[in-house]
Amino acid sequence: MVHAAYLRTYLPAARARPWQTYAGGSAASPRVLTVGEFAVWDESVREDAFTADWDGRRYVCPRHPRLRMLEGLLAFRNSYPGATAALLVPESIAARATAELESYRDAVPGARSHILTSPWHVPLRWFVAFRSEQRELIETPRGPSIRYRNSLADGLARVEHAVEVLEDVGFEDAIVDQVRELALWLGTFDTDAMIELDYGTVAALFAAGDIAFDETAADVHASLEALGAGNLEEAGRHYAAAATRWAELQTLAFAN
């Protein structure tokens, strides 16, 4: 099983179409192992949505499982250069996936992925969209985990500010572009949405008790604040603390 973390965008329920829903996010959703032409998939393939109550309102996050699978397959292939891409995902399969993706978008106008998935770790750039005090230690059927929730408007503003800081300091485009892409994705949704960072099954990879002491968001924001103030030494210290915390888990993505 591939352990994964999630970044989700939830729409106000009053504006969303009536989905079949699952309360409580991924911890409550059904897990069904499916082997298909394009992937091995452990989510239900039904077109349904997660629900969440936050700040006095109800929100829904459409799952669009088939859309996410097709987009994920093609993104995975495109992330490798040259012949490596064809070895991992042959051209014939990529062509069929592309055709099905186009058909899906024609059949469901305006459909887009409301969920980003990261195998084996939480990307540090995801923490930029949340304040450290929004960290919640929660209990799930798999044990303790961590969740952050924020308004999309505030989260997007924080990510855009991070882009400005990184540009001003002179970071390479390869680094800044990853944060820019996150801002672009968030910017495709209405600002009255809610965003959620869910450690998902990645939480189970922490040693017993360590999950309770994970304060990555605080380190990421301390690093950005120090960068903005021109204190590169302090920025590097906080970033190193965050990166080191996730380094061992991130290497699992390359272990097979």
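Please refer to the structure higher up on the page.
Residues numbered from 1 in each chain as written. Predicted model: local features only at pLDDT ≥ 70, side-chain atom pairs only at ≥ 80, totals over all residues. Heavy atoms only, no water.

As for the packing of aromatic side chains
Rules: Working definition: a ring pair exists when centres of Phe, Tyr or Trp rings (six-membered ring for Trp) sit within 6.5 Å. Plane angles under 30 degrees give stacked, over 60 give edge-to-face, the rest tilted. Per-residue accessibility, obtained with a 1.4 Å probe over protein chains only, is compared with the maximum for each type, and a residue is labelled buried under 20%, exposed over 50%, and partly exposed between these values.
Summed over the entire model, instances satisfying the criterion amount to nine aromatic pairs. Aromatic side chains Y199 and F206 sit 6.3 Å apart centroid to centroid with 25 degrees between the ring planes, which places their arrangement in the stacked category. Residues Y199 and F206 agree in their burial class; the two are buried. A connected cluster of aromatic rings, assembled from ring pairs, spans F127, F130, Y148, Y199, F206 and W246.

Description of the pattern of salt bridges
In plain terms, the rule: A pairing counts as a salt bridge when a side-chain nitrogen of Lys or Arg comes within 4 Å of a carboxyl oxygen of Asp or Glu. Helical segments are the DSSP runs of H or I of at least four residues, strand segments are the runs of E of at least two, and each set is numbered from the N terminus.
Counting across every chain of the model gives twelve salt bridges. In this structure, D154 engages R131 in a salt bridge whose closest nitrogen and oxygen atoms are separated by 3.7 Å. One end of the pair, D154, is in helix α5 (residues 152-169); the other, R131, is in the loop between α4 (124-127) and β8 (135-140), and 23 residues separate them in sequence. Residue classification places D154 among the partly exposed positions, given a relative accessible area of 27%. A relative accessible area of 30% places R131 in the partly exposed class. Notably, a salt bridge pairs R180 with D173, separated by 3.8 Å at the nearest N-O pair. Among the residues examined, R180 registers a relative accessible area of 25% and is labelled partly exposed.

So, the side chain of H238
Rule in force here: For the purposes of these results, a polar contact is taken to be a pair of N or O atoms within 3.5 Å, where, inside protein, one atom must be able to donate a hydrogen and its partner to accept one; residues adjacent in sequence count only when each atom of the pair is a side-chain atom.
Inspection of the secondary structure puts H238 in helix α8 (residues 232-250). Under the relative-accessibility criterion, H238 is labelled buried at 15%. A polar side-chain atom of H238 sits 3.4 Å from a polar atom in the side chain of D219.

Considering the environment of W185
Stated formally: It only takes one pair of heavy atoms within 4.5 Å for two residues to be counted as in contact.
Locating W185 in the fold gives a position in helix α6 (residues 173-186). Residue W185 is classed as buried on the basis of its relative accessible area, which comes to 14%. Sequence spacing of W185 and L156 is 29 residues, and the spatial spacing of their C-alpha atoms is 9.4 Å. Contacts of W185, omitting those with residues within four sequence positions, involve L7, T9, S113, H114, I115 and L116.

Observations regarding the packing of α5 against α6
Let me state the cut-off plainly: For helices, the fitted line uses only the C-alpha atoms of the stretch in contact; every axis is such a line through C-alpha atoms, and the angle between N-to-C directions lies from 0 to 180 degrees. Just so you know how the angles are binned, under 35 degrees is roughly parallel, over 145 roughly antiparallel, 65 to 115 roughly perpendicular, and the rest oblique. Left-handed describes a crossing in which the near helix is turned anticlockwise from the far one by less than a right angle; the clockwise case is right-handed.
At their nearest, the axes of α5 and α6 sit 9 Å apart, and the two run at 155 degrees to each other. The pairing of α5 with α6 is recorded here as roughly antiparallel in orientation. Here α5 and α6 pass one another in a crossing that is left-handed. Contacts between α5 and α6 involve L152, L156, V159, E160, A162, V163, L166 and E167 from the former and V176, V179, R180, L182, A183 and L186 from the latter.

Describing helix α7 (residues 216-228)
Given 3.6 residues per helical turn, the α-helix brings residues three or four places apart onto the same face. Definition in use: Helix span, expected: 1.5 Å multiplied by one less than the number of residues in the helix.
Compared with an ideal rise of 1.5 Å per residue, which puts 13 residues at 18 Å, α7 spans 19 Å between its outermost C-alpha atoms and is within 8% of the ideal. For α7, a buried count of ten out of 13 residues is recorded, marking the element as mostly surrounded by other parts of the structure. G230 sits one or two positions beyond α7 and adopts a positive phi of about 80 degrees.

What about the side chain of Q134?
Turning to its location among the elements, Q134 is positioned in the loop between α4 and β8. At a separation of 2.9 Å, a polar atom in the side chain of Q134 contacts the side chain of N150. Beyond its immediate stretch of four places on either side in the chain, Q134 contacts R147, Y148, R149 and N150.

Quick look at the nonpolar core
Let me state the cut-off plainly: We define the nonpolar core as a collection of buried residues of types Ala, Val, Leu, Ile, Met, Phe, Trp, Tyr and Cys that are connected through side-chain atoms lying within 4.5 Å of one another.
By size, the foremost hydrophobic cluster in this structure holds 42 residues, and its most contacted members are F127, L197, Y199 and W246. Of all the secondary-structure elements, those providing two or more residues to this core are β1 (4-12), α4, β9 (143-151), α5, α6, β10 (194-198), α7 and α8. Tallying contributions element by element places α5 first for this core, with seven residues. Among residues more than four places away in sequence, those in contact with Y199 are A4, A5, V122, F127, S145, I146, Y148, F206, I211, D214, T216 and W246. Counting residues in each nonpolar core, the second largest holds nine residues, with Y6, Y10, Y59 and I115 among its members.

Looking at α5
Between the first and last C-alpha of α5 there are 26 Å, a value that for 18 residues agrees with the 26 Å anticipated at 1.5 Å per step. Within the sequence span of α5, burial applies to L152, G155, L156, V159, A162, V163, V165 and L166. Tucked into the core, α5 has its buried residues touching β1, β9, α6, β10 and α7. With its phi angle positive at about 95 degrees, G170 sits one or two positions after the end of α5.

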